[in-house]
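What the coordinates show
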Amino acid sequence: MAKDSFTVGLGNNDSLTRKLAEEDYVKFWEKEAEKLQWSEKWSKSLEWDPPFARWFVGGRINACYNALDVTVRKNGKKPAILWEGENGTSRTLTYRDLLDYVCRAANTLKSLGVRKGDRVTIYLPMVPELMVSLLACARIGAVHTVIFSGFSSQSIRDRVSDSKSKVIITADGGFRRGEIIKLKRIVDEAISDLDFVESVLVLEHAKIPVEMGRRDKRWADLVNAASNICEPEEVESTHPLYILYTSGTTGKPKGVLHGTGGYLVHVNSTFKWLFDVKDSDIYFCTADIGWVTGHSYVVYGPLMHGATQVMYEGALVYPTPSRIWEMVERYKITVLYTTPTALRMLMKYGDTLSDSKDLSSLRLLGSVGEPINPEVWLWYFRVIGKERCPIVDTWWQTETGGTMISALPGLETAPMKPGSASRQVPGINVGVVDENGKDLPPGKKGYLVIKAPWPGMLLSLWGDDEKYKTVYWSKYPKMYYPGDFAIRDEDGYIWMLGRADDVLKVAGHRLGTAEIESGFVSHGAVAEAAVCGIPHEVKGESVISFLVLKEGAAWDIRLRDELVQHIRKTVGPIAVPDQFYVVSKLPKTRSGKIMRRLLKAVAKNEKIGDVSTLEDEAAVEEIRSAFKELEREIEGSKLR
Ligand code: WTA
């Protein structure tokens, strides 16, 4: 039996911070806000007009100034990014280099007509220019909206149509597992008839030929010629910093809108409490900037602390599975922040890979994005961290802006329990409640809620306040509903138990079942589709699909391959189901909702439970037998 808790700390023991936060969370965050550079101080710390929170009202601030100029004034020569490409190329950018580059890019955006409040879509691989583009927007008060470079043209089209971006920044291509992904071509397809897009700025990175159209401009031509002086635009604290699209339970992805001042305060303080990064540290967060972890803990958090970080473009296990451990050895990485999926994959290769590399530089380890299984936590702790390194299992969401629940070695030394995300961050008020919103006693499974506004909280959903209210504030009118199951134990430790809704976490990527389903039905052969997630050894969850074909469509390998391509194109490669089941009807409730819980149970071969609300109970049996039949068929590898 594993020991149930471990205490390894950094020697920090600050009991005052939690005490202050409990006494008055608004005052507490106000104190934290004083750690940033404001050009004008706020007049009111919090305006709470539920469910809309405005933090540090009246204050003026610039995110890019806090991220770059503050360090440049102290030591511009400090390396900011140690970048490495999949094929081994590398680049180093100091804080001074980064600031100059950002100013040039910001002036370029201005010359393309981008003004304060305008949206700019960024679709780039993990190259320094991705970070530069975000900061260039922030410098001039434009709103960045990054799309992960693994997304398809249809996804780009939906997001650009919603945000109405004037300018898109992309590259000719990006590298992944030895292949080049032709990003510019994907953008061309996405925006061919979106006339409001005025310019596409194209970075030459993969050095492949691209077709340049009327709106296209080469990054190097414009950025190299621009001035490296650009005064930061001091914006109101509540001015939007970015939109980041993320999947929910209904239809298309939602544009999560984050403000500036409150968001930066939350990220700045949590970065310190989590990682306590010093000048001697080399920090490496493996997240792509296309996701929120990259926004908060690759771009804004580390830069506001003047950290030196490794940035990597490519797959962590390419060309060999020891790539990541070689990088730890090569750069003497001290803080490593990654995902349970990556760890499960690395753990499968056994201990010899990591044992053959020198990992003694590591002093702190982090995990994010999905629940981490206790055995994976223990492997991370023992094999990678040699029982010396504290582990932070950080729970948060795109919507929360920054970490909400985690161990905080930068603040205090407290026991860690493998599999628990630990306790709430100071200044955050988390609860576990039942269906009616009543607090549950320790040990009882319920819904996680957040009971008071916090600075990193989303402002709203882009252009849709009503949806914002229904999605997050209608289950419990006075509490934020994240959509996760949790248990709180006697010590106040939170154990996250996965999503309570129709959101999937596949290899750490957040996907909505509805998105994949509408991807399917947009194909001519599919009449209806339902998808669900079932546990997967490495990816955490894997997508299973149930399809009803249109009259005349025949199920064969050709159609299956076509559907795979179709989902890759409409949603993205990460959304492609691992299994396809063709059935003649889907089980639905009397009100017409697909019984996804039941599909899940069937797919996992579990007991079905209460099916009384099913329209047609025969559908259950039918699905079960279709499933069995297909399982046999797949086993014979006919459709693999
Ligand atoms: C899940 C990622 C368990 C959770 C930062 C949440 C986690 C969703 C953890 C948000 C964790 C994130 N333990 N589950 N440490 N971190 N999640 O928006 O279900 O991509 O609601 O943000 O990921 O995913 P998102």
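Looking at the sheet that holds strand β21 (residues 430-433)
- Ordered in space as β21-β22-β24-β25, the 4 strands form an open sheet in which the pairing is antiparallel. Two strands bound the open sheet, and with one partner strand each, they are β21 and β25 (494-499). Averaged over all adjacent pairs, the angle separating strand axes in this sheet is 45 degrees, with direction ignored.

Some remarks on the site of the ligand
- Neighbouring the ligand are 17 residues; Asp-393, Thr-398, Asp-484, Arg-499 and Arg-510 lie closest to it.
- Gln-397 has a polar side-chain atom sitting 2.9 Å from an oxygen atom of the ligand.
- Between the ligand and Arg-510 there is a distance of 2.6 Å, counted from an oxygen atom to a side-chain nitrogen or oxygen.
- Its free accessible area being 530 Å², the ligand has 96% of it covered by the protein chains.
- Of the residues that constitute the shell around the ligand, the class distribution is 6 nonpolar, 5 polar and 6 charged.

Considerations on the side chain of Thr-121
- Structurally, Thr-121 is set in strand β6 (residues 119-123).
- Engagement of the side chain of Thr-121 in a polar contact is seen with the side chain of Ser-165, the distance being 2.7 Å.
- With near-sequence residues (within four places) excluded, Thr-121 lies in contact with Thr-145, Ile-147, Val-160, Ser-163, Ser-165, Val-167, Ile-168 and Ile-169.

Topic: the confidence of the model for the protein
- When pLDDT is averaged across the protein, the result is 93; 95% of the residues are at 70 or more.
- Ignoring residues within four places in sequence, the model shows residues 636-640, a span with pLDDT below 50, making 11 contacts including any to other chains.

Concerning the side chain of Asp-489
- In this fold, Asp-489 is placed in the loop between β24 (484-488) and β25.
- Looking at Asp-489, its side chain comes within polar contact range of the side chain of Lys-417, at 2.9 Å.

Quick notes on the environment of Leu-458
- Relative to the helices and strands, Leu-458 resides in the loop between β22 (446-450) and β23 (460-461).
- Using a relative accessible area of 1% as the deciding quantity, one classes Leu-458 as buried.
- C-alpha separation for the pair Leu-458 and Tyr-318, spaced 140 residues apart in sequence, amounts to 36 Å.
- Residue contacts for Leu-458: discarding those within four places in its chain leaves Val-256, Leu-257, His-258, Glu-399, Tyr-468, Tyr-472 and Tyr-480.

Rules and cut-offs
Residues numbered from 1 in each chain as written. Predicted model: local features only at pLDDT ≥ 70, side-chain atom pairs only at ≥ 80, totals over all residues. Heavy atoms only, no water. Pairing = 2+ DSSP bridges. Helix = DSSP H or I, 4+ residues; strand = E, 2+ residues; numbered from the N terminus. Axes fitted to C-alpha atoms, helices over the stretch in contact; angles between N-to-C directions. Near = heavy atom within 4 Å. Polar contact = N/O pair within 3.5 Å; in protein donor to acceptor, adjacent residues only side chain to side chain. Areas by Shrake-Rupley, 256 points an atom, 1.4 Å probe, with all protein chains shown as cover. Nonpolar A, V, L, I, M, F, W, Y, C, P; charged D, E, K, R; others polar. Contact = heavy atoms within 4.5 Å. pLDDT = per-residue confidence, 0-100. Buried < 20%, exposed > 50% of the residue type's maximum accessible area, 1.4 Å probe, protein only.

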